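Summary of the model geometry
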Amino acid sequence: MLLGCGKMGSAMLQGWLGQGLPASSVWVLDPYPSDWLKGLDGLHLNEDLPTDPAIVLVAVKPQMMGDALPTLRALGNGTTLFVSVAAGTPIAAFQDILGDKTPIIRAMPNTPAAVSRGITAIIGNDQASAAQMDLAQALLSAVGQVVRLENEAQMDAVTAVSGSGPAYVFHLIETLAAAGQAQGLPADLAVQLARATVAGAGHLAEQADEDAGQLRVNVTSPGGTTAAALEVLMNEQDGFPALLRRAVQAAADRSRELAK
């Protein structure tokens with residue numbers, strides 16, 4: 001079942017449905033369901049829950065957790081596995097409400113899960129068995145790749161890199177298209193070029209044997225146009241290296257603040 005079905009919950013549910021999961025096997029509790037949710041035939045929306053669900057996926061916003069999670073306290077300290085995708089909410093916060101014998105897995109997916117191209121990092125508490133970790137991984141693998149962390153402290157950095165990362169890429173598309181317009185391209189053509197270039201380069205990076213650095217070298221002729229652009233982008237003072245370090249640091253710091 002899903003507790004909360006906003007943007008992330010909807011992205012994951014959309015991915016599962018696309019993989020063939022029947023809507024009739026899903027219960028959703030959400031006080032403000034979208035029209036899309038309401039239109040899913042067979043979905044159990046804001047109905048009484050089954051007595052012993054195998055998995056509860058917690059996908060409410062961190063600031064709503066204090067009101068939403070206590071409604072499921074009766075399922076704590078039992079066999080129900082809780083999987084949280086709430087940014088900045090540590091496992092200890094769930095144990096405080098649900099009980100310290102509750103199996104809990106903290107996960108950080110990202111929105112490309114909606115097209116089964118996401119990546120999710122997971123870490124479990126001591127009560128989460130190996131079989132439950134495998135179950136969560138199988139569930140999350142339906143919408144993309146899954147990686148396991150060594151410790152929960154790594155989750156803030158994961159949040160800053162892959163959790164928030166799609167927004168950085170979308171902004172790259174926006175700004176690349178705007179730069180193309182500034183060089184005289186029509187707006188729709190600039191957007192098409194930017195979108196296809198970012199999507200294609202990302203796919204190539206996933207498929208190629210070389211790492212990203214080598215792929216960059218492969219398309220950079222000495223003294224050519226790409227080299228001229230990279231002199232700007234790779235500047236250590238005000239290029240991508242400094243900018244992205246600051247951006248990822250800001251996101252990680254905010255994740256730590258949310259955990260307090």
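Computed from a prediction, not measured in an experiment: that's the story for all the values here.

**A short note on unusual backbone geometry**
Positive phi, normally seen in glycine, also occurs at N46, with a value near 55°. With respect to the secondary-structure elements, N46 resides in the loop between strand 3 (44–45) and strand 4 (55–58). For N46, a relative accessible area of 42% puts it in the partly exposed group. Look at N77: it is not a glycine, yet its phi comes out positive at around 55°. Checked against the element boundaries, N77 lands in the loop between helix 3 (65–68) and strand 5 (81–84).

**Some remarks on the environment of I91**
Position of I91 among the secondary structure elements: in helix 4 (residues 91–98). A relative accessible area of 6% places I91 in the buried class. Apart from residues no more than four positions distant in its own chain, I91 is found in contact with I104, R106, I123, G124, N125 and E152.

**Observations concerning the packing of helix 6 (residues 155–163) against helix 7 (residues 165–182)**
The contact between helix 6 and helix 7 brings their axes to 5 Å, and the two run at 30°. It follows that helix 6 is roughly parallel to helix 7 by the angle criterion. Counted together, A160, V161, S162 and G163 of helix 6 and G165, P166 and Y168 of helix 7 form the full contact between these two elements. Taken together, the residues of the contact of helix 6 with helix 7 sort by class into four nonpolar, three polar and no charged.

**A closer look at the layout of surface pockets**
Vacant regions in the atomic arrangement are exposed by a probe of water-molecule size rolled over the atoms. The computed volume of the largest pocket comes to approximately 2,300 Å³. Around the largest pocket sit 50 residues that line it, and V169, L172, V198, A201 and G202 are the ones nearest its centre. Secondary-structure elements contributing two or more residues to the lining of the largest pocket are strand 7 (118–124), strand 8 (144–148), helix 6, helix 7, helix 8 (187–207), helix 9 (212–218), helix 10 (225–233) and helix 11 (240–258). The dominant element in the lining of the largest pocket, judged by the number of residues it contributes, is helix 7, at 12 residues. Across the lining of the largest pocket, the residue classes tally to 31 nonpolar, 15 polar and four charged. Breaking the lining of the second largest pocket down by element, the ones donating at least two residues are helix 1 (7–18), helix 6, helix 7 and helix 11. Of all the elements, helix 11 adds the most residues to the lining of the second largest pocket, at four residues. Here the residues of the lining of the second largest pocket sort into 18 nonpolar, 10 polar and four charged.

**Details of the pairing of strand 4**
Alternating residues of strand 4 divide into I55 and L57 and V56 and V58, and every residue in both groups is buried. By the bridge criterion, two bridges tie strand 1 (residues 2–3) to strand 4 in an arrangement that is parallel. Across the sheet, residue L3 finds its bridge partner in strand 4, namely V58. Taken together, the four bridges between strand 4 and strand 5 define a ladder with parallel strand orientation. Across the sheet, residue V58 finds its bridge partner in strand 5, namely S84.

**Focus: the nonpolar core**
Judged by nonpolar contacts, the single largest core of 28 residues is most densely connected at L2, M12, L13, V83 and I105. Of all the secondary-structure elements, those providing two or more residues to this core are helix 1, strand 4, strand 5, strand 6 (104–108) and helix 5 (130–141). In terms of residue count, helix 1 provides more of this core than any other element does, four residues in total. Not counting chain neighbours up to four residues away, the residues in contact with I105 comprise L81, F82, V83, S84, I122, I123, G124, A128, Q132, M133 and A136. By size, the runner-up hydrophobic cluster in this structure holds 23 residues, among which are M1, M65, F94 and M108.

Rules and cut-offs
Residues numbered from 1 in each chain as written. Predicted model: local features only at pLDDT ≥ 70, side-chain atom pairs only at ≥ 80, totals over all residues. Heavy atoms only, no water. Helix = DSSP H or I, 4+ residues; strand = E, 2+ residues; numbered from the N terminus. Buried < 20%, exposed > 50% of the residue type's maximum accessible area, 1.4 Å probe, protein only. Contact = heavy atoms within 4.5 Å. Axes fitted to C-alpha atoms, helices over the stretch in contact; angles between N-to-C directions. Parallel < 35°, antiparallel > 145°, perpendicular 65-115°, else oblique. Nonpolar A, V, L, I, M, F, W, Y, C, P; charged D, E, K, R; others polar. 1 Å grid on protein atoms, 1.4 Å probe; cavity = no way out; pocket = protein on both sides within 12 Å on 5 of 7 lines; lining within 4 Å. Points joined across faces, edges and corners; volume = space filled by probe spheres on them. Pairing = 2+ DSSP bridges. Core = buried A, V, L, I, M, F, W, Y, C linked by side-chain atoms within 4.5 Å.

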